[in-house]
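# Per-entry structural report
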Amino acid sequence: MIPRISTVWQTSAWQSELANAVRTPEELVRLLDLPADFIDKAHQASGEFALRVPRPYLNRIRRGDPNDPLLLQVLPVMAELIDSPGFRKDPVGDTSASKMPGVLQKYFGRVLLVTTGACAVHCRYCFRRHFPYSEANAASDDWKNAIEYIRSTPSIREVILSGGDPLSLADHKLARLVEQLAALPHVKYLRVHTRLPVVLPQRVDDRLLAWISSTRLKSTVVIHTNHANEIDEDVVAALSRLKKAGVELLNQTVLLRGVNDSAESLAQLSEALFDAGVFPYYLHLLDPVQGAAHFDIPEDEAVAIVAALRCQLPGFLVPQLVREIEGEAHKIPIG
């Protein structure tokens with residue numbers, strides 16, 4: 001049973017950081033000493049998908065370097081405005097997998113809840129950058145329909161909290177949701193997909209640890225990290241706290257042009273993750289979302305990169321190269 005958490009809240013450190021995130025090209029360019037002509041281009045590209053970067057993440061970006069691999073993940077660029085064939089607004093079939101607003105079931109035995117549309121950082125390659133969050137949010141009715149769907153589907157053993165980023169929600173809301181899930185006897189596993197422990201490690205505080213360590217559900221946190229430079233001392237400390245609370249830690253990476261498109265970069269990431277107590281899990285080929293084609297790496301090139309990676313690392317540190325395809329019963333292994 002999850003202990004009741006008071007609904008009287010003071011603003012947490014992570015909430016203050018979240019509110020203080022960089023949101024304008026002018027501020028981003030000024031703080032990172034980037035060329036002034038980046039401002040107009042970023043404004044044009046961020047018209048549909050806004051810029052957002054928390055300052056703890058910003059502090060890991062090299063000042064004055066337009067090609068920094070962390071910057072490339074968050075900087076709006078004109079290439080996002082190019083309409084590329086095969087790149088679409090719903091690249092992995094979220095719409096067809098929807099059972100009701102915010103409840104997606106693509107695979108047997110597990111269900112995904114779109115808990116919120118909010119994220120701490122707006123990654124420019126996000127496969128849900130066009131997702132209709134205002135219409136498809138499992139929390140819109142205080143989770144009632146989602147819980148009822150899971151209750152009436154006894155084959156569901158795992159519930160995945162996604163978004164947006166579920167950890168952008170307040171802990172009392174998450175605690176209440178997890179308490180309701182744990183009351184369903186056929187549900188055994190809880191999985192949280194989140195970028196927050198990486199981009200805003202202050203999020204891993206006592207309140208989060210209280211509910212995630214108290215549930216009977218076996219909990220796994222799947223973080224999203226694409227480059228070793230994202231993992232600093234604060235991130236390692238946050239991941240250590242989760243690990244000590246009994247949470248399993250996995251990582252998903254997206255293979256991105258200019259960010260991590262080499263065996264050397266991926267090897268450094270896998271080793272940094274393992275040193276921090278996280279197992280590399282999936283290496284995703286880019287989902288073909290409209291606005292992100294400039295990040296794409298052809299499948300044959302990706303296979304060659306992973307083959308070279310296998311020559312540098314022990315097998316348990318090599319993530320599985322996969323692609324998500326609408327309508328398939330699982331992620332598709334590549335190579």
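For clarity, every value in this text was computed on a predicted model and none was experimentally measured.

What counts, and at which threshold
- Residues numbered from 1 in each chain as written.
- Predicted model: local features only at pLDDT ≥ 70, side-chain atom pairs only at ≥ 80, totals over all residues.
- Heavy atoms only, no water.
- Helix = DSSP H or I, 4+ residues; strand = E, 2+ residues; numbered from the N terminus.
- Rg over C-alpha atoms; globule rule 2.2 N^0.38 Å.
- Buried < 20%, exposed > 50% of the residue type's maximum accessible area, 1.4 Å probe, protein only.
- Contact = heavy atoms within 4.5 Å.
- Areas by Shrake-Rupley, 256 points an atom, 1.4 Å probe, with all protein chains shown as cover.
- Lys, Arg positive; Asp, Glu negative; His and termini not counted.
- Charge placed at Lys NZ, Arg CZ, Asp CG, Glu CD.
- Salt bridge = Lys/Arg side-chain N within 4 Å of Asp/Glu carboxyl O.
- Expected span 1.5 Å × (residues − 1).
- Core = buried A, V, L, I, M, F, W, Y, C linked by side-chain atoms within 4.5 Å.
- Phe/Tyr/Trp six-rings, centres within 6.5 Å; stacked < 30°, edge-to-face > 60°.
- Axes fitted to C-alpha atoms, helices over the stretch in contact; angles between N-to-C directions.
- Parallel < 35°, antiparallel > 145°, perpendicular 65-115°, else oblique.
- Left-handed = near helix turned anticlockwise from the far one by under 90°.
- Nonpolar A, V, L, I, M, F, W, Y, C, P; charged D, E, K, R; others polar.
- Polar contact = N/O pair within 3.5 Å; in protein donor to acceptor, adjacent residues only side chain to side chain.
- Pairing = 2+ DSSP bridges.
- Right-handed = clockwise from strand over helix to strand, strands pointing away.

Let's shift gears to the overall build of the chain. A tally of regular secondary structure across the chain gives 12 helices and 10 strands. Relative to the globule expectation of 20 Å for 335 residues, the C-alpha radius of gyration of the chain, 19 Å, shows essentially globular dimensions. Along the three orthogonal principal directions, the C-alpha set of the chain runs to about 55 × 45 × 40 Å. Relative to its 335 residues, the chain shows a buried fraction of 55%. Pairs at least 24 apart in sequence give 82% of the contacts found in the chain among residues at least 6 apart. When the accessible surface of the chain is summed, it comes to about 14400 Å², and 52% of that surface belongs to carbon and sulfur atoms. Distance between charge centroids for the chain: 7 Å, based on 36 positive and 40 negative side chains.

Looking now at the pattern of salt bridges. Counted under the stated rule, the structure contains 23 salt bridges. We note a salt bridge from Glu 230 to Arg 195, for which the minimum N-O separation is 2.6 Å. One end of the pair, Glu 230, is in the loop between strand E6 (218-224) and helix H10 (233-244); the other, Arg 195, is in the loop between strand E5 (189-194) and helix H8 (196-199), with 35 residues separating them in the sequence. Across the pair, exposure class does not vary: Glu 230 and Arg 195 are buried alike. A network of salt bridges, in which partner residues are shared, links Asp 94, Lys 106, Arg 128, Glu 324 and Lys 331.

In this chain, Gly 163 is followed by Gly 164 through a cis amide linkage whose omega measures 25°. Within the secondary structure layout, Gly 164 lies in the loop between strand E4 (158-162) and helix H7 (171-182). Of note, Asp 33 is a non-glycine position whose phi angle comes to about 55°, a positive value. With respect to the helices, strands and loops of the structure, Asp 33 is situated in the loop between helix H2 (25-32) and helix H3 (38-45).

Compared with an ideal rise of 1.5 Å per residue, which puts 13 residues at 18 Å, helix H11 (residues 263-275) spans 18 Å between its outermost C-alpha atoms and is within 8% of the ideal. Among the residues making up H11, those that are buried are Ala 263, Ser 265, Leu 266, Ala 267, Leu 269, Ser 270 and Leu 273. As for H11, its buried residues are in contact with E6, strand E7 (248-254), strand E8 (279-284) and helix H12 (299-310). Gly 277, located one to two residues past H11, shows a positive phi value of around 85°.

Take the nonpolar core next. Of all hydrophobic cores here, the largest spans 78 residues; its most connected members are Leu 28, Leu 113, Ile 150, Val 159, Leu 161, Leu 181 and Trp 211. In this structure, Leu 313, Val 318, Ile 332 and Ile 334 belong to the second largest nonpolar core, which totals 17 residues.

By convention here, two paired aromatic rings are described through the distance between centres and the angle between planes. In total, this model carries 6 aromatic pairs according to the counting rule given. The interplanar angle of 65° and the centroid separation of 6.4 Å between the aromatic rings of Phe 279 and Phe 316 together place this pair among those described as edge-to-face. With Phe 279 in strand E8 and Phe 316 in the loop between H12 and strand E9 (320-323), the pair connects residues that are 37 residues apart, well separated along the chain. Using a relative accessible area of 38% as the deciding quantity, one classes Phe 279 as partly exposed. Both rings, one in Tyr 281 and one in Tyr 282, keep their centres 4.1 Å apart while their planes meet at 20°; by these two values the pair is stacked.

In contact at an axis separation of 9 Å, H11 and H12 are set at 55° when each is read in the N-to-C sense. Taken together, the axes of H11 and H12 are oblique relative to one another. Considering how the two elements wind past one another, H11 and H12 form a crossing that is right-handed. Across from Ala 263, Leu 266 and Ala 267 in H11, the residues of H12 making contact are Ile 305, Ala 308 and Leu 309. Class assignment of the residues belonging to the contact of H11 with H12 gives a composition of 6 nonpolar, no polar and no charged.

One can find Ser 168 in the loop between E4 and H7. On the basis of relative accessible area, Ser 168 is assigned to the buried category, the value being 14%. A distance of 3.2 Å separates a polar side-chain atom of Ser 168 from the backbone oxygen of Ala 118. Residue contacts for Ser 168: discarding those within four places in its chain leaves Trp 14, Thr 116, Ala 118 and Leu 196.

Now for the pairing of E4. Of all 5 residues making up E4, 5 are buried, and the element is well covered by its neighbours. Of the two faces of E4, the one holding Glu 158, Ile 160 and Ser 162 and the one holding Val 159 and Leu 161 are both buried throughout. When strand E3 (residues 110-114) meets E4, the two strands line up parallel, connected through 5 bridges. For Arg 110, the partnering residue across the bridge sits in E4 and is Glu 158. Each parallel crossover has a hand, and the one from E3 via helix H6 (residues 144-151) to E4 is right-handed. In this sheet, E5 lies alongside E4 in parallel orientation, the contact comprising 4 bridges.

A few words on H12. With 12 residues, H12 should reach 16 Å at 1.5 Å per residue; the first-to-last C-alpha distance of 17 Å fits that figure. Each element contacted by the buried residues of H12 is listed here: H11, E8 and E9.

Taken in spatial order, the 10 strands line up as E1-E2-E3-E4-E5-E6-E7-E8-E9-E10 in an open sheet, and their pairing is mixed. Edge strands, defined here as strands with exactly one partner in the open sheet, are strand E1 (98-100) and strand E10 (332-333).

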